[in-house]
Amino acid sequence: MDCALLTFSCLCYYNPMNMVCLDLEGVLIPEIWIAFSNAVGIPELRRTTRDEPDYDKLMNFRIDILTKNNLKLPDIQRVISCMDPLPGAFEFSDALRKKYQLVILSDTFEQFAKPLMAKLSFPSLFCNSLEIAKDGTVTGYRLRQQNGKREAVKAFKSINMRVFAAGDSFNDLSMIREADGGCLFRAPEQIRKDCSDLTCTDSFDDLQKKIDDFFICL
Ligand SMILES: [Mg+2]
């Protein structure tokens, strides 16, 4: 698209009151725990929020495996530093930011986020934190708040933003349902089946169209 056309297209849609809330892993970047699982050869660590609805159970399970295998934060950060956003994710998020306010609502951790957010030009990110001992051992995690994704959408709506939300996992469902509009993105079969009332998009082009159509109809 040439420059004049791109500017025209973005200005048609640009409205700072319209906000897009996106999940991070599985949407813009690969699943960090799956990449780490592959790097260290521990298949149990492949389990993610796409498979396990209970986040506390999932995190305690992960921390237990890390402790048993003497794996520490720097081991995970080394793997993350070699990861890249999913193909097309940079272009997609960059185009979104020219039309809408974009906020990433993620259950990842501040200690994981920086290298990949740098590769996405640092969109706004709300996430959680890990509790780390002096020697780098992961001892626990701290949620920013309970059900933080849904509460963030609620808060944006309370200040009169119009919100569209998309994500791929169990932990995105309440955010999508709380938003004015939303859909699943590349969700696993089980979630598509359980949530047949939600549309699932599978490409950035389709997600972009769904978002544009939602806001243009308001
Ligand atoms: Mg996800």
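Residues numbered from 1 in each chain as written. Predicted model: local features only at pLDDT ≥ 70, side-chain atom pairs only at ≥ 80, totals over all residues.

1. Describing the overall build of the protein
Helices and strands together make up the secondary structure of the protein, namely 10 helices and 7 strands. Against the compact-globule benchmark of 17 Å for 218 residues, the protein has a radius of gyration of 18 Å, which places it among compact chains. Dimensions along the principal axes, computed over C-alpha positions, put the protein at roughly 55 × 35 × 30 Å. Taken over 218 residues, the protein has a buried fraction of 33%. Sequence separation of 24 or more characterises 56% of the internal contacts of the protein that already satisfy a separation of 6 or more. (Helix = DSSP H or I, 4+ residues; strand = E, 2+ residues; numbered from the N terminus. Rg over C-alpha atoms; globule rule 2.2 N^0.38 Å. Buried ≥ 20, exposed ≤ 12 C-beta atoms within 10 Å, placed from the backbone. Contact = placed C-beta atoms within 7 Å.)

2. Quick notes on the environment of Leu 58
The residue Leu 58 is located in helix α3 (residues 55-68) in this model. Sequence separation of Leu 58 and Ser 93 is 35 residues, and the distance between their C-alpha atoms is 28 Å. With residues near it in sequence (within four places) discarded, Leu 58 still touches Arg 47, Thr 49 and Glu 52.

3. Thoughts on helix α10 (residues 204-216)
Taking 1.5 Å per residue as the helical rise, α10 with its 13 residues ought to reach 18 Å, and the 18 Å between its terminal C-alpha atoms agrees with that figure. Elements that come into contact with the buried residues of α10 comprise β1 (18-22), α5 (89-99), β5 (162-167), β6 (181-185) and β7 (200-201). (Expected span 1.5 Å × (residues − 1).)

4. Comments concerning the environment of Leu 71
Here Leu 71 is to be found in the loop between α3 and α4 (73-81). Those residues in contact with Leu 71 that sit more than four places away from it in its chain are Val 40 and Leu 66.

5. A word on the sheet that holds strand β2 (residues 101-109)
Spatially, the 7 strands line up as an open sheet ordered β4-β3-β2-β1-β5-β6-β7, and their pairing is mixed. The sheet is open, and its two edges are formed by β4 (138-142) and β7, each paired on a single side. Where β5 and β6 come together, 4 bridges link them in parallel fashion. Across the sheet, residue Phe 164 finds its bridge partner in β6, namely Gly 181. Across the face of the sheet, helix α7 (residues 148-158) comes into contact with β1, β2, β3 (124-132) and β5 while running at roughly 160° to β5. (Pairing = 2+ DSSP bridges. Axes fitted to C-alpha atoms, helices over the stretch in contact; angles between N-to-C directions.)

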